[in-house]
Amino acid sequence: MKRLPAAPRPGWKQKIEEQGLVFSTTTMDDGRKIEYWNESAYYEFTEAEVETLENTAEEMHRMCLEAAKFLATGAMGPIGIGPQALELAAASLQARDVDVYGRFDFIYDGQGGPARMLEYNADTPTGLIEAAVAQWFWLQDVFPEKDQWNGIHEALIRQWKKFQYRTGMSTLHVAHSEVEESGEDWMTAAYMRDVASQAGWTTIGINMSDIGWDPNLNRFVDMDNFMISTIFKLYPWEQMVKEPFGPRLLERAHNPRWVEPAWKMLLSNKALLAALWHLYPNHPNLLPAYLDNPGPLTEWVAKPLHGREGDNIKIHAPGLSLEQPGGYGREGWCYQQYHPLPDFDGNHPVLGLWVVDGESVGCGIRESDGPITDYFCRFVPNTIDAPAPLGAGTSSSKAGITL
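Residues numbered from 1 in each chain as written. Predicted model: local features only at pLDDT ≥ 70, side-chain atom pairs only at ≥ 80, totals over all residues. Heavy atoms only, no water.

A.B. asks: Would you mind showing me how to read the packing of aromatic side chains here?
C.D. replies: Remark: the centre distance and the inter-plane angle together describe each pair of aromatic rings, the angle taken between the planes. Under the defined criterion, the tally for this structure stands at 20 aromatic pairs. Ring geometry for Trp160 against Trp201: centres 5.8 Å apart, planes inclined by 80°, an arrangement best described as edge-to-face. Placement of Trp160 in helix 5 (residues 152-167) and of Trp201 in the loop between helix 6 (184-198) and strand 9 (202-207) is noted, with a sequence separation of 41 residues between them. As far as burial versus exposure is concerned, Trp160 and Trp201 are alike and both buried. Cluster of aromatic residues (ring-pair linked, three or more members): Trp213, Phe220, Trp237, Phe245 and Trp258. A cation over an aromatic ring shows up here: Lys146 above the ring of Phe143, its NZ or CZ 4.6 Å from the ring centre. (Phe/Tyr/Trp six-rings, centres within 6.5 Å; stacked < 30°, edge-to-face > 60°. Helix = DSSP H or I, 4+ residues; strand = E, 2+ residues; numbered from the N terminus. Buried < 20%, exposed > 50% of the residue type's maximum accessible area, 1.4 Å probe, protein only. Lys NZ or Arg CZ within 6 Å of the ring centre and 35° of its normal.)

Below, the structure is given as structure tokens:
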């Protein structure tokens with residue numbers, strides 16, 4: 001893997017916004033503007049690297065399913081969600097409720113060593129539009145002759161078609177929280193509506209706060225009192241179960257098909273890292289991890305079980321002592337072996353490996369100036385050192401995106 005310079009396209013900002021990436025610019029308190037999208041560079045993989053990393057992501061996904069089963073037994077305690085939510089997740093897992101997607105975060109430096117898993121964002125993963133869409137259009141404009149590690153869009157459509165075939169359902173509600181103000185959740189939900197529509201679903205958008213309960217139907221309903229039968233929600237399960245309607249979620253017989261399903265709260269919880277290390281100690285793609293305390297670790301990263309975007313992360317290592325602010329931590333902590341991020345001339349990348357239906361389908365790379373990938377990281381596109389597949393280009397279903 002190499003980090004190579006590139007010339008930004010004229011009008012690049014308008015291009016990415018037209019493709020749905022409307023949340024690239026962050027205005028700081030001092031008035032400075034920070035751009036999330038960065039096309040002044042790109043990362044290039046070899047075909048062999050991509051194959052190895054794909055196999056790694058798929059093996060990690062299978063291992064995570066086993067770790068989820070272990071967590072569902074309660075062997076590692078209530079993991080910050082409580083016994084009732086744990087029971088709900090266990091029932092969902094046993095029922096094999098259908099899921100759609102997830103994103104691993106991996107450390108990888110391209111120097112021949114194994115990729116190391118940092119975490120699995122499998123309940124409400126974002127970073128989707130830039131990985132699935134924006135970087136693909138960048139490739140067509142800048143390197144149309146090259147390949148890219150990116151089959152995310154097509155994989156999502158296939159999975160939504162498979163979901164429809166398995167359930168016989170045709171109407172999909174798509175929900176996000178309007179509290180998130182950057183526009184990322186809104187556009188991610190809009191993009192999910194787009195791929196589901198291409199798969200044949202009739203989609204209906206709704207805010208999470210507008211979901212109601214009809215006592216006569218004994219079901220969740222939308223603003224038109226239409227029963228919700230299948231719903232994609234960009235909202236964390238650990239928060240849903242604590243909402244006023246949370247107890248209703250425990251009544252599985254009266255619930256819609258939730259996407260992502262309740263068992264995904266086991267994979268998005270940092271306790272998963274400790275469960276993986278317990279089940280697969282010394283696995284080359286894992287970092288040692290322990291629940292509640294560092295155990296034998298002398299250099300560690302403390303992660304709140306429900307943390308996001310680097311909030312409340314603590315790093316304890318020689319010459320490095322950091323603690324990020326945030327509102328997480330009361331739910332408990334996981335301590336993971338500290339491993340420095342790769343350094344490409346001061347840029348520290350993390351690979352976001354997307355998994356759809358257990359298959360590794362693409363990569364999105366975020367890089368930071370420091371050891372924590374936080375709100376101010378940058379997304380950098382990728383290529384593969386190989387020619388574009390025959391037929392790639394305007395024939396791709398991405399060309400029909402309407403956000």
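After that view, the rundown keeps rolling.
A.B. asks: Can you help me understand unusual backbone geometry in this one?
C.D. replies: Glycine aside, the phi torsion of most residues is negative, and most peptide linkages are trans. At the junction of Val259 and Glu260, the peptide bond is cis and its omega measures out at 5° in the coordinates. Locating Glu260 in the fold gives a position in the loop between strand 13 (257-259) and helix 8 (264-267). Non-glycine residue Asp292 carries a positive phi angle of around 80°. One can find Asp292 in the loop between strand 14 (289-291) and strand 15 (300-304). A relative accessible area of 56% places Asp292 in the exposed class. Of note, Asp357 is a non-glycine position whose phi angle comes to about 55°, a positive value.

A.B. asks: What am I meant to see in helix 4 (residues 128-142) here?
C.D. replies: One turn of an α-helix holds 3.6 residues; hence residues three or four places apart share an orientation. Its 15 residues give helix 4 an end-to-end C-alpha distance of 21 Å, which sits within 8% of 21 Å, the value for a rise of 1.5 Å per residue. Extensive coverage of helix 4 is indicated by the burial of 11 of its 15 residues. Restricting attention to buried positions, one finds in helix 4 the residues Leu128, Ile129, Glu130, Ala131, Ala132, Val133, Ala134, Gln135, Trp136, Trp138 and Leu139. (Expected span 1.5 Å × (residues − 1).)

A.B. asks: Looking at this model, I keep getting lost on the pattern of salt bridges. Mind explaining?
C.D. replies: Any two side chains of opposite charge can pair if their charged atoms end up close together. Overall, the coordinates contain 19 salt bridges when judged by the stated rule. Arg3 serves as the salt-bridge partner of Glu367, at 2.8 Å between the closest nitrogen and oxygen. One end of the pair, Glu367, is in strand 20 (residues 359-368); the other, Arg3, is in strand 1 (residues 2-5), with 364 residues separating them in the sequence. Note that Glu367 and Arg378 form a salt bridge whose closest N and O atoms lie 3.4 Å from each other. (Salt bridge = Lys/Arg side-chain N within 4 Å of Asp/Glu carboxyl O.)

A.B. asks: Sorry, what's going on with the sheet that holds strand 1 here?
C.D. replies: Either a parallel or an antiparallel arrangement is found when strands of a sheet pair, and the pairing is made through backbone hydrogen bonds. The 4 strands lie next to each other as 1-4-22-7, forming an open sheet whose pairing is mixed. On the outer flanks of this sheet lie strand 1 and strand 7 (146-147), each paired with one strand and no other. Where strand 1 lies against strand 4 (residues 41-45), 4 bridges are found, and the strand directions are antiparallel. The residue bridging Arg3 from the neighbouring strand is Tyr43, located in strand 4. (Pairing = 2+ DSSP bridges.)

A.B. asks: Would you mind showing me how to read the confidence of the model for the protein here?
C.D. replies: Detailed reading of the predicted coordinates is not advisable wherever pLDDT is low. Looking at the protein, the pLDDT average stands at 93 and 97% of residues meet or exceed 70. Low pLDDT, under 50, characterises residues 399-403; the stretch is placed with 15 contacts to residues that sit more than four places away or in other chains. (pLDDT = per-residue confidence, 0-100. Contact = heavy atoms within 4.5 Å.)

A.B. asks: What's the story with the sheet that holds strand 9 in this structure? I'm lost.
C.D. replies: Spatial strand order, 9-8-12-13: 4 strands in an open sheet with parallel pairing. In this open sheet, the two strands that pair with only one neighbour each are strand 9 and strand 13. For this sheet the average axis-to-axis angle between neighbouring strands, irrespective of direction, equals 25°. The strands touched by helix 5 within the sheet are strand 8 (171-176), strand 12 (230-234) and strand 13, with strand 13 carrying the most contacts at an inclination of about 170°. Taken strand by strand, helix 6 contacts strand 8, strand 9 and strand 12, and its axis lies near 165° from that of strand 8. (Axes fitted to C-alpha atoms, helices over the stretch in contact; angles between N-to-C directions.)

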